[in-house]
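Coordinate analysis (summary)
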Amino acid sequence: MTVREQSFMDAILHGVTPTNEQCIAYLNAFHHRMPGITSEVMLGLRTAEGRTSYEVVADRIAATEPAGVLDIGCGDGELLVALKWRSPRAALAGIDLSAEELALATTRLAGSGADLRIASAAALPFPDEAFAAVAAHLVFMLIPQVESALREVYRVLAPGGTFAFLLPRPPKHSTHLSDLLGKLTRKIAIRYPEFTPFSIGNRALFERFGIADLLVSAGFTALPSFDDFEVSAAFDAESLWRAISGRYVLGSLDEELTSELRNIVFSAVANGEFEYRESLRLVAILR
Ligand SMILES: C[S@@+](CC[C@H](N)C(=O)[O-])C[C@H]1O[C@@H](n2cnc3c(N)ncnc32)[C@H](O)[C@@H]1O
């Protein structure tokens, strides 16, 4: 963990709700230290039909044949790369708060003409109705001012345009991963009894009705569609530890606690394999 991650971590380990500024500073510091970690883990996971979650989002957007697409929180550019393949004539744009993530995206999309900028989802540097489609892959659940960010999506989306965004979803039944995360959380709580695990972003985004309400408040009048699916892979112990230590909070603990968590993670791998399964939800809505 770096000093820049410390004030957010101090808050949540001691049961204090972090401020929006602490959340943003934490996310920035985390991505500064581990740029590209999201796509590194998520690209290893597949749907039952063999697609990555980036392909699921890109296919949904490409089906609308948009003239221009904005990817919010584009990270290292993985979704934009998938979109480039599917919609080669679409003008692509991406924004992210992290300079290090954006530097990776800039290298990967060199020569594509993609317009990549450092910006906040809550203040998009684009004119009204500039895009036929807006996409986001695992971003909106992190944004403290999610209401402003959704209003910004509505503003920059052209009438009739599509907004498609991917969110994590609580699994319907316990999984090996949810059991393991429970064990890790309990371990942290032994040292920090006030620890509150879910402290970034707006919890309303974990429920369909919460998402629908937020979209209405942002100005959307159409009904959203929800496509719930899972991605999974068999991870060996090292890949599992990389994925766990690439998660927010779990990857930002002190050395001693990190080593205790590592032991728990390694002992969760039976016969060399661990079934890593994420539950996801693609939300799509027309402007
Ligand atoms: C979990 S990563 C996902 C990155 C990428 N979309 C992907 O799935 O590979 C979240 C990304 O959102 C960015 N981010 C978080 N909050 C943001 C905000 N308020 N405005 C813009 N970007 C933000 C982070 O810097 C990070 O790159």
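Each remark here, short or long, concerns the structure printed above.
Let us look at the structure shown here. Predicted, not measured: the structure shown is a model, and the values here were computed from it. (Residues numbered from 1 in each chain as written. Predicted model: local features only at pLDDT ≥ 70, side-chain atom pairs only at ≥ 80, totals over all residues.)

A closer look at the overall build of the chain
When helices and strands are tallied, the chain shows 11 helices and seven strands. What you see for the chain is a C-alpha radius of gyration of 19 Å, in line with the 19 Å of a compact globule of 287 residues. Considered along the principal axes of its C-alpha atoms, the chain spans approximately 50 × 40 × 40 Å. When the 287 residues of the chain are sorted by exposure, 41% land in the buried category. Considering only residue pairs separated by 6 or more positions, the chain has 74% of its internal contacts joining residues 24 or more positions apart. (Helix = DSSP H or I, 4+ residues; strand = E, 2+ residues; numbered from the N terminus. Rg over C-alpha atoms; globule rule 2.2 N^0.38 Å. Buried ≥ 20, exposed ≤ 12 C-beta atoms within 10 Å, placed from the backbone. Contact = placed C-beta atoms within 7 Å.)

Some details on the pairing of strand E5 (residues 157-168)
The two faces of a sheet get side chains in turn, since along a regular strand they alternate between them. Judged from the six bridges that link them, strand E4 (residues 131-137) and E5 form a sheet pairing that is parallel. Across the sheet, residue Phe131 finds its bridge partner in E5, namely Leu157. Read as a crossover between parallel neighbours, the route from E4 over helix H7 (residues 146-156) to E5 is right-handed. As judged from the seven bridges shared by E5 and strand E7 (residues 274-286), these two strands associate in the antiparallel manner. The partner of Ala164 across the bridge, within E7, is Ala284. (Pairing = 2+ DSSP bridges. Right-handed = clockwise from strand over helix to strand, strands pointing away.)

Examining the nonpolar core
Judged by nonpolar contacts, the single largest core of 70 residues is most densely connected at Val57, Val134, Ala135 and Phe140. Aside from chain neighbours lying at most four places away, what touches Val57 is Leu79, Ala135, His137, Ala164, Leu166 and Leu282. (Core = buried A, V, L, I, M, F, W, Y, C linked by C-beta atoms within 7 Å.)

Digging into helix H9 (residues 208-218)
Taken together, the buried positions of H9 are Ile211, Leu214 and Leu215. Down the axis of H9, the smallest arc covering the buried residues is 100°, so these residues share one side. Turned more than 90 degrees away from the buried face of H9, the exposed residues are Phe209 and Asp213. At its buried positions, H9 is contacted by H7 and E7. Within two residues after H9, Gly219 carries a phi angle of roughly 120°, on the positive side. (Arc of directions from axis to C-beta.)

Observations concerning the sheet that holds E4
Spatial ordering of the open sheet is given by E3-E2-E1-E4-E5-E7-E6, a layout of seven strands whose pairing is mixed. Whereas interior strands pair on both sides, the edge strands pair on one side only; in this sheet they are strand E3 (115-118) and strand E6 (225-235). Shown here is a sheet whose adjacent strand axes are inclined to one another by a mean of 15°, direction ignored. Where E6 and E7 come together, 11 bridges link them in antiparallel fashion. The residue bridging Glu230 from the neighbouring strand is Ser279, located in E7. Here helix H5 (residues 78-86) sits on the sheet and contacts strand E1 (68-72), strand E2 (91-96) and E4; the angle it forms with E2, its principal contact strand, is near 175°. (Axes fitted to C-alpha atoms, helices over the stretch in contact; angles between N-to-C directions.)

A few points about the site of the ligand
The immediate surroundings of the ligand are formed by 22 residues, with Thr38, Gly73, Gly75, Ser98 and Ala121 found nearest. For the shell around the ligand, the elements supplying multiple residues, two or more each, are helix H2 (20-33), helix H3 (37-42), H5 and E2. Tallied by class, residues from the shell around the ligand come to 11 nonpolar, eight polar and three charged. (Near = placed C-beta within 6 Å. Nonpolar A, V, L, I, M, F, W, Y, C, P; charged D, E, K, R; others polar.)

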